[in-house]
Amino acid sequence: MLEKRDPTEQELGTLLRIAVQDSNVSVLTERIIPKFSGIARTVATLQAFIRQLDVLGKDVPSAEPSLRPVITQLIREMIATLPPTAFQNQLHIIELLNFCADNNNIDCCGELISKITQAASTSTAQHILSELIPLLTQLSDWLSRRGKQHTWHPFPLLFKTIILTWIQKVLGTIKPADVSQQLASVRSFRCPCNYCARAINWLTTSNQRSTSIDRIGAPNVRHLEGNLRLYAGNIVMSRVVRTSPQGIEIVKSDAIWKAQLWAGNQVVGISAIRTINTNESVLLAIFGEEDYRAILRALNLKYINTPLPNPAALGPAAAGHPSQAAPSGSNAGPSRASAASAQPPNKRRRVEDNVQVIDLTSD
């Protein structure tokens, strides 16, 4: 049976029980286990063998002292052979941790966490957001269920690696305060028409790079373009959409867009750290004073328990503008004249290629 690369778990259990008849474990430890280990096995087969050894130790107490070091060694061999892809999925990571703990080898989790940490340090931004940030909650819950402190080695190193890698690859460096002067003229914008209100609300509150307002007609397009040049000419680009009737596409400057992304990312980072712990002294112990202070500086915080900021706090949103204004057909003329007289038409700047466009036309 052992010549089979992947015997079933039932077959393994039967073999092990035959080997320890009369509570004699020497056949098991001197012949069966070495022969099993001498053939390359899949992770599933290794786990099945380990589970059956653990069950055998409970069913045959006299064999347990001899089986415990064997189980530990097999778990370590399993961890050593795991490919990097084994650490890509948060649920699979928790399953591996549970496997170690459920087979009375919770200390082997340390070796597993070390390999997860190594994989995390080279993760892409997308993988950090989709798997590693949610993993923090899973790990925190797992430690609590297993009666372990969050400072239990080497979990702090994994926590720190995830957060520092997130700061490096996701958070960004342009903060809302860095673009406040560029938004100064937007704060004086007062046109009450529906299309202008929508455009300014999108500009100051959305983290989308671009938007479109479709089929509003040439007069409304000219009116909106004129006001954008007057109040936001240094932070947006626009392009007329040659449909019938005409529409308009608007794209934010790189700095404005990245500052708005930073504001949303800041909230994500704060929430992620709070899932680890909300006690400042515990966080200091987990991250170390130097790295913890650097994390707080990157997040523009004094303390992690600072009230969560509003991710839309870049500008006035639609403050002072009715959210459902009257259609612009009746009032576009005066506003257009005012904008046109204030500044000569500029050459339209081309909208960047491959920019995601969202539609604000519908109410």
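Located above this text is the structure these notes cover.
Residues numbered from 1 in each chain as written. Predicted model: local features only at pLDDT ≥ 70, side-chain atom pairs only at ≥ 80, totals over all residues. Heavy atoms only, no water.

Right, let's get into the pairing of strand β1 (residues 210-213). Of the two faces of β1, the one lined by Ser210 and Ser212 and the one lined by Thr211 and Ile213 are each fully buried. Two elements, β1 and strand β3 (residues 247-252), share four bridges in a ladder whose sense is antiparallel. From the neighbouring strand, isoleucine 213 faces β3, where its bridge partner is isoleucine 248. (Buried < 20%, exposed > 50% of the residue type's maximum accessible area, 1.4 Å probe, protein only. Helix = DSSP H or I, 4+ residues; strand = E, 2+ residues; numbered from the N terminus. Pairing = 2+ DSSP bridges.)

Now for the packing of aromatic side chains. Geometrically, a pair of aromatic rings is defined through the distance of the ring centres and the angle of the planes. Tallied over the entire structure, the rule returns six aromatic pairs. Between tryptophan 142 and phenylalanine 155, the aromatic rings sit 5.9 Å apart at their centres with planes inclined by 15°, giving stacked as the arrangement. Of this pair, tryptophan 142 sits in helix α7 (residues 125-145) while phenylalanine 155 sits in helix α8 (residues 155-171), and the two are 13 residues apart along the sequence. The same class applies to tryptophan 142 as to phenylalanine 155, namely buried. (Phe/Tyr/Trp six-rings, centres within 6.5 Å; stacked < 30°, edge-to-face > 60°.)

What follows deals with the environment of arginine 239. For arginine 239, the position within the fold is in strand β2 (residues 236-241). Overall, arginine 239 belongs to the partly exposed group, its relative accessible area being 34%.

What follows deals with the nonpolar core. Of all hydrophobic cores here, the largest spans 75 residues; its most connected members are Leu28, Leu53 and Leu97. Per-element tally for this core: the top contributor is α8, with nine residues. With sequence-adjacent residues up to four places away left out, leucine 97 is seen in contact with Cys109, Leu112, Ile113, Leu139, Trp142 and Phe155. (Core = buried A, V, L, I, M, F, W, Y, C linked by side-chain atoms within 4.5 Å. Contact = heavy atoms within 4.5 Å.)

What follows deals with the environment of glutamine 138. Counting through the fold element by element, glutamine 138 comes out in helix α7. The spacing of glutamine 138 and leucine 91 is 47 residues in sequence and 8.3 Å in space, taken between C-alpha atoms. Look past the residues within four positions of glutamine 138 in its chain and what remains in contact with it is Gln90, Leu91 and Ile94.

All right, on to helix α4 (residues 64-81) then. The end-to-end C-alpha separation of α4 is 25 Å, in line with the 26 Å expected for 18 residues at 1.5 Å each. Burial in α4 covers these residues: Leu67, Arg68, Val70, Ile71, Thr72, Leu74, Ile75, Met78 and Ile79. Of the surrounding secondary structure, the elements contacted by the buried residues of α4 are α2 (26-37), α3 (43-59), α5 (90-102) and α6 (109-120). (Expected span 1.5 Å × (residues − 1).)

Bear in mind that shape data such as this cannot, by itself, settle questions of function.
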